[in-house]
Amino acid sequence: MMTESQALETLTREDPEAAGDAKAALDWLTGDEGLETISLLRLQEFLWYALPVKWPMSTPGRVGVAKALGRLFMLAGLDRYAGVCSSAGTERIIMAYAAGHEEGIAAYTEAIEASNAAPPDTELLAWGSVMGPQERAAYDACAAALELAFASGELCVGSRGWRTKRADLVNRWLTGRTEASPLRSAQAGQDTGHVRDGALRTDTWLGRISAERIDAWAHGRPGERSRLARALIPRLLEPPALPDDPLPTLRWLLGHADEGLRLTARHYIAPALVTEAVDTFGWRDQLVGTLRQELDVFPLHTLRGMAQAEMGAIRRSRTSLVLTKTGKLMAADPAAQWHIGTAALIGPDDGPQPDFSVAVREAALLVILTNGPTGYDDLTRLLTDIHGVEGWAAGSSTGLASAVRTELYTLRHRLWALHLLGSERSFTAPLSLTGTGVAAALSALLARALRPRHHLGLG
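Report follows, based on the coordinates. (Residues numbered from 1 in each chain as written. Predicted model: local features only at pLDDT ≥ 70, side-chain atom pairs only at ≥ 80, totals over all residues. Heavy atoms only, no water.)

Right, let's talk about the overall build of the protein chain for a bit. In terms of regular secondary structure, the protein chain is built from 21 helices and three strands. The principal-axis extents of the C-alpha atoms in the protein chain amount to approximately 90 × 50 × 45 Å. Scored against the burial criterion, the 459 residues of the protein chain give a buried share of 48%. Intrachain contacts of the protein chain at a sequence separation of at least 6 include 64% that bridge at least 24 residues. Averaging the positions of the 46 positive and the 53 negative side-chain charges in the protein chain gives two centres separated by 5 Å. (Helix = DSSP H or I, 4+ residues; strand = E, 2+ residues; numbered from the N terminus. Buried < 20%, exposed > 50% of the residue type's maximum accessible area, 1.4 Å probe, protein only. Contact = heavy atoms within 4.5 Å. Lys, Arg positive; Asp, Glu negative; His and termini not counted. Charge placed at Lys NZ, Arg CZ, Asp CG, Glu CD.)

Counting 75 residues, the largest nonpolar core has Leu250, Trp283, Met311, Leu383, Leu418 and Leu445 as its most contacted members. Looking at which element gives the most residues to this core, the answer is helix 18 (residues 356-371), with 11 residues. The residues contacting Met311, other than those within four sequence positions of it, are Leu250, Met306, Thr326, Met330, Ile340, Gly341, Ala344 and Leu418. If you look at the next biggest cluster of nonpolar residues, it comprises 58 residues, including Leu26, Leu35, Ala117 and Leu125. (Core = buried A, V, L, I, M, F, W, Y, C linked by side-chain atoms within 4.5 Å.)

Here the focus is the pattern of salt bridges. A full pass over the atoms with the stated rule returns 19 salt bridges. Put simply, Glu14 and Arg71 hold a salt bridge, and the shortest N to O gap is 2.6 Å. A residue pair is termed long-range when its members are at least 10 positions apart, and Glu14 in helix 1 (residues 4-14) and Arg71 in helix 4 (residues 59-75) qualify at 57 residues. By relative accessible area, which is 44% here, Glu14 ends up partly exposed. Arg71 sits in the partly exposed class, given a relative accessible area of 33%. Where Arg136 meets Asp140, a salt bridge forms, and the shortest distance between an N and an O atom there is 2.8 Å. Here Arg136 pairs with Asp140, and both are found in helix 8 (residues 133-152), just four residues apart, close to one helical turn. Taking the relative accessible area as the measure of exposure, Arg136 reaches 28% and is therefore partly exposed. (Salt bridge = Lys/Arg side-chain N within 4 Å of Asp/Glu carboxyl O.)

Here we come to the environment of Thr10. Its location among the elements puts Thr10 in helix 1. Of the residues examined, Thr10 reaches a relative accessible area of 12% and is grouped as buried. Separated by 37 residues in sequence, Thr10 and Leu47 place their C-alpha atoms 23 Å apart. With residues near it in sequence (within four places) discarded, Thr10 still touches Met2 and Leu75.

Here we have three strands laid out as an open sheet, ordered 1-3-2, and antiparallel in their pairing. Strand pairing shows two members of the sheet lacking a second neighbour, strand 1 (261-262) and strand 2 (314-317), which therefore form its edges. Here strand 1 pairs with strand 3 (residues 320-323) via two bridges, running antiparallel. Bridge pairing in strand 3 links Arg262 to Ser320. Lying on the sheet, helix 13 (residues 248-259) is in contact with strand 1, strand 2 and strand 3; it crosses strand 3 at an angle near 100 degrees. Each of strand 2 and strand 3 is contacted by helix 15 (residues 298-310), which is oriented at about 95 degrees to strand 2, the strand it contacts most. (Pairing = 2+ DSSP bridges. Axes fitted to C-alpha atoms, helices over the stretch in contact; angles between N-to-C directions.)

Let us look at helix 11 (residues 205-219). Taking 1.5 Å of rise per residue, 15 residues should cover 21 Å, and helix 11 covers 21 Å from first to last C-alpha, within 8% of that figure. Of all 15 residues that make up helix 11, 13 are buried, and the element is covered over most of its length. (Expected span 1.5 Å × (residues − 1).)

For the structure shown, the criterion picks out 11 aromatic pairs. Among the aromatic side chains, those forming a connected cluster through ring pairs are Trp28, Phe46 and Trp55. (Phe/Tyr/Trp six-rings, centres within 6.5 Å; stacked < 30°, edge-to-face > 60°.)

This brings us to helix 7 (residues 101-115). An ideal rise of 1.5 Å per residue puts 21 Å on 15 residues; helix 7 measures up with 21 Å between its terminal C-alpha atoms. Among the residues making up helix 7, those that are buried are Gly104, Tyr108, Ala111 and Ile112. End-on view of helix 7: buried residues confined to an arc of 100 degrees, all on one side of the axis. Looking at helix 7, the residues exposed on the side facing more than 90 degrees away from the buried face are Glu102, Glu110, Glu113 and Ala114. Elements that come into contact with the buried residues of helix 7 comprise helix 3 (40-54) and helix 6 (88-98). (Arc of directions from axis to C-beta.)

Keep in mind that these numbers describe shape and distance, not what the molecule does.
Below, the structure is given as C-alpha cells:
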C-alpha cells in the first residue's frame, strides 16, 4: 500500500495528465487534510454532484477525472473507493447531466439512496438539504460511523432488521456525548446564540443541530420577524404546563377513526357524527344553520383537512376514515398528538421555495404571542409590512394585504378547529388565544424553528 505522495508519483510516471486530474480532485475532496478524511459519502457527493455540476469541463473530461482518481485510490490501496470512481454507475450518472441538470440530479439522488452511505432520517431527526456547519459535521460523522459499521459487518444490507439497526446507530450517534475540540467548542458557543446558556444541551450532535437551527430561525430573516422570534426564544424553550386533554377535538377525531369513522356516499363525515361533534364542543352556539353536514361546520371540516392532509393521521378507506401509522402513534401517545397537532397550526414548509401561507401563519403567531390579542385590521397591517420588507409581492400593497388577510382567516379556522381560539370569535373582535392556545402556538413555533431546512432565504 502506497502513501498519498507515493501514489501520486507513481501515477505521474504512468500518465502525467491523469495525475494532474487526480491531484486536483483530491485537493477538492480533502484540502490539505489527507486521504484519511475521505468517506464513502463525501466521495459519492463529489463524483455524482460536485464534479458534473461545478467543474467547467466536458463530460468525457469529467469521466476522465473520475477514472484518474480511481487509479490513484487503487495505488493507495483504497480499492473500495477506487471501485466507485471507475464504476459504470458513476459514468452513467456523470453522463446523465449532459442530458440536463434535472436528469443528473435525479440520477445522483437515486444512487445516493441506493448506496446506503447517507444517514437516514429517524424519529429523532430529519436531515435538511440545506445544512448549517454543525448539521453538516454531524451528517458527515454519522456517515463515517455507518460506513465503518457496514465495512465491519455490524450492518449488512438485506439482513433481517438492518434498516432498524441502521436507524438505531444514527440515533445513538446523535444522542451520544461528544468531546469537542476547543475550536469546535468556540464555534458551538457562537452558533447557539440565545440558547447557549444551558437551555439546550450542546454536548451531543442532536443538541448542536437543534441550537443551530433555532439560531438560524431567529436570526436568518430580515427585519421585524427576526426581532419577534428572538424575543420569544426563552418562552419556546420553557416546557408549558398543559391540561390533561389539551386538544380535545383532535382526540375525538382520532378516537372515532380508530374504529373507522363513517362517511357519506360523497365521502363527508356522516350527519350523526357531525351532530355529536357540534354538541360535544359547543359549536351550536357559535354557528348558524342545522349543522348536520360537515361543510356546515367549519371547525370540523378544517380539523379533518388538517388531520388528513398535514398531520398524516387519518386516511380514507372506502366509506370510512381510518388511522394511519402516524395516527395510531398519536392516539396512543398524548405527547405525539400534541407535537404533531400543534405543528399543523403553521403547517409544513418543506419544498424548494418558501411558502407564503406558512410565512403568514408563523408571523401572526409571533405577533399575537408578543403583543397579545390583536385586531384583524392591525394584524393585517403589521403582517403586510413584515412581508413587504421580506420581498413578498402580490401585484400591489393592497393585493398583499388582501392575501395576508385571507391567510389570517385560515389561521383562525385552524385555531378554532383545535379548540385554541379565544372566546371572542367574531371578525370584529381581536384574534386571541386560550391559555392552551398560547402553549400550542409556542409549540408550533418551536417545531418551525427545529424543522429541517430545504431552501435558503425567507424560511
